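Structure at a glance
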Amino acid sequence: MKIAEKTVLITGGASGIGKIMGRMALEKGAKQVVIWDINEQNIAAVVAEHEKIGKATGYKVDVSKNDNVVDAYNKTVSECGNIDILIQCAGVVTSNKTFDQNTISDIDRTMTINAIAPMYVAHAMLPDMIARNCGHICTIASAAGMLSNPKMSIYAASKWAAIGWSDSVRIELAVAKSKVRITTVAPYYINTGMFDGVSSWLFPILDPEKTSKKILRAIERNKNFAGIPFGFHFIRFWQGLLPTCVFDFIFGEVVGVYHTMDHFTGRK
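The rules behind these values
- Residues numbered from 1 in each chain as written.
- Predicted model: local features only at pLDDT ≥ 70, side-chain atom pairs only at ≥ 80, totals over all residues.
- Heavy atoms only, no water.
- Pairing = 2+ DSSP bridges.
- Helix = DSSP H or I, 4+ residues; strand = E, 2+ residues; numbered from the N terminus.
- Axes fitted to C-alpha atoms, helices over the stretch in contact; angles between N-to-C directions.
- Contact = heavy atoms within 4.5 Å.
- Buried < 20%, exposed > 50% of the residue type's maximum accessible area, 1.4 Å probe, protein only.
- Right-handed = clockwise from strand over helix to strand, strands pointing away.
- Patch = residues over 30% accessible without salt bridge, like charges linked within 9 Å, V, L, I, M, F, W, Y side chains within 5 Å.
- Areas by Shrake-Rupley, 256 points an atom, 1.4 Å probe, with all protein chains shown as cover.
- Salt bridge = Lys/Arg side-chain N within 4 Å of Asp/Glu carboxyl O.
- Lys, Arg positive; Asp, Glu negative; His and termini not counted.
- Charge placed at Lys NZ, Arg CZ, Asp CG, Glu CD.
- Parallel < 35°, antiparallel > 145°, perpendicular 65-115°, else oblique.
- Left-handed = near helix turned anticlockwise from the far one by under 90°.
- Nonpolar A, V, L, I, M, F, W, Y, C, P; charged D, E, K, R; others polar.
- Polar contact = N/O pair within 3.5 Å; in protein donor to acceptor, adjacent residues only side chain to side chain.
- Phe/Tyr/Trp six-rings, centres within 6.5 Å; stacked < 30°, edge-to-face > 60°.

1. Observations concerning the sheet that holds strand S7 (residues 225-228)
What the seven strands build is an open sheet, ordered S3-S2-S1-S4-S5-S6-S7; its pairing is parallel. Either end of the sheet is taken by a strand with one partner, and the two such strands are strand S3 (56-60) and S7. Direction aside, neighbouring strands of the sheet carry axes that sit 15° apart on average. Here four bridges tie strand S1 (residues 7-11) to strand S4 (residues 85-88), and the two strands are oriented parallel to one another. Bridge pairing links Thr11 to Gln88 in S4. Packed onto the sheet, helix H5 (residues 153-175) meets S4, strand S5 (136-140), strand S6 (181-187) and S7 and runs at close to 155° relative to S6.

2. Observations concerning the pairing of S1
Counted residue by residue, S1 has five buried out of five residues, so it is predominantly covered. By the alternation rule, side chains of S1 split into Thr7, Leu9 and Thr11 and Val8 and Ile10, which are all buried. As defined by bridge partners, S1 adjoins strand S2 (residues 32-37) across five bridges and the pair is classed as parallel. In the sheet register, Leu9 faces S2, and the bridge partner there is Val34. Handedness of the crossover joining S1 and S2 through helix H1 (residues 16-27) is recorded here as right-handed.

3. Thoughts on a positive patch on the surface
On the surface, a cluster of positive charge is made up of Lys2, Lys210, Lys213, Lys214, Arg217, Arg221 and Lys223. Assignment of secondary structure puts Lys210 in helix H6 (residues 208-220).

4. Describing the packing of helix H4 (residues 104-132) against H5
Interhelical geometry of H4 versus H5 gives an angle of 15° and a closest axis separation of 8 Å. Judged on the interaxial angle alone, H5 and H4 are roughly parallel. Seen from above, H4 lies across H5 with right-handed handedness. Across the interface between the two elements, Asp106, Ile107, Thr110, Met111, Asn114, Ala115, Pro118, Met119, Ala122, Leu126 and Ile130 from H4 touch Ile154, Tyr155, Ala157, Ser158, Lys159, Ala161, Ala162, Trp165, Val169 and Leu173 from H5. Within the contact of H4 with H5, the residues separate by chemical class into 16 nonpolar, three polar and two charged.

5. Comments concerning the environment of Cys80
Following the sequence through the fold, Cys80 ends up in helix H3 (residues 66-80). Overall, the relative accessible area of 10% leaves Cys80 in the buried class. Leave out the neighbours within four places in its chain, and Cys80 touches Thr7, Gln32, Val34, Thr57 and Tyr59.

6. Points about the side chain of Gln32
Looking at where Gln32 falls in the secondary structure, it is placed in strand S2. At 2.7 Å, the side chain of Gln32 and the backbone oxygen of Cys80 are in polar contact. In this structure Gln32 touches Lys6, Thr7, Val8, Leu26, Lys55, Thr57 and Cys80, once residues within four positions along its chain are discounted.

7. A closer look at the packing of aromatic side chains
For the coordinates displayed, the defined rule picks out six aromatic pairs. Every member of this aromatic cluster is reached through a ring pair, and the members are Tyr155, Tyr188, Tyr189, Phe195 and Phe264.

8. Regarding the pattern of salt bridges
Overall, the coordinates contain eight salt bridges when judged by the stated rule. With a closest N to O distance of 3.2 Å, Asp262 and Lys151 form a salt bridge. Note that Asp262 is positioned in the segment after helix H8 (244-254) and Lys151 in the loop between S5 and H5, a separation of 111 residues in sequence. We classify Asp262 as partly exposed; its relative accessible area is 28%. Several salt bridges share partner residues, and in doing so they unite Arg23, Glu27 and Glu209 into one network.

Okay, here's the thing in structure tokens:
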């Protein structure tokens with residue numbers, strides 16, 4: 001789906017790649033960009049920046065609360081019109097603790113924001129897209145949803161859930177012969193501050209500008225799935241081919257993926 005002349009709604013759009021993609025969408029000629037975020041101060045600042053390029057509107061929305069999502073969606077449609085493209089960027093990572101050291105609050109917060117909230121948002125918007133037989137939903141998951149990395153077990157669980165849900169909806173729409181499209185994105189660590197302290201020598205930490213550009217290109221090309229970098233497409237191939245102990249040794253110890261979170265600090 002071409003972004004030009006479309007209304008693009010971005011959750012978590014007031015920071016990180018959500019903010020960058022909002023700007024890029026307007027540069028591509030989007031009719032307007034709508035930001036949903038929890039941080040009112042950031043919303044105001046980003047809307048002011050975006051309005052130098054095109055039309056932008058922002059709403060404070062807690063996507064972890066379905067009532068808030070439904071109310072915000074109704075208000076957004078009333079004031080901005082139909083949503084053509086939904087990009088789900090809102091996400092959280094709490095720590096680099098092992099699972100037994102996490103709290104129940106950590107579990108609830110991570111699973112709700114990363115896995116359940118995208119369902120809430122899509123559930124509010126998808127029926128209208130199906131009725132119009134037009135629309136695109138892009139969910140930003142993570143490479144952690146393809147590789148069970150230690151010291152981020154809850155985050156990984158939430159992203160495995162997001163990938164499974166998003167791709168299942170894609171198949172449902174294809175079976176129904178709907179023209180509504182789904183893109184699931186699984187990027188490696190992105191240098192936005194969310195994963196400060198992460199170290200990776202073989203797979204470089206992703207540049208947020210380049211990654212944002214690739215995600216928008218995937219939407220425009222109606223790609224079903226985009227692993228970033230491309231090499232992450234082969235993770236499941238090697239998981240299926242190699243014995244678990246060999247896979248763990250090669251990817252965990254030799255490549256060092258299992259130690260990337262050792263010195264994680266994250267965004268405070």
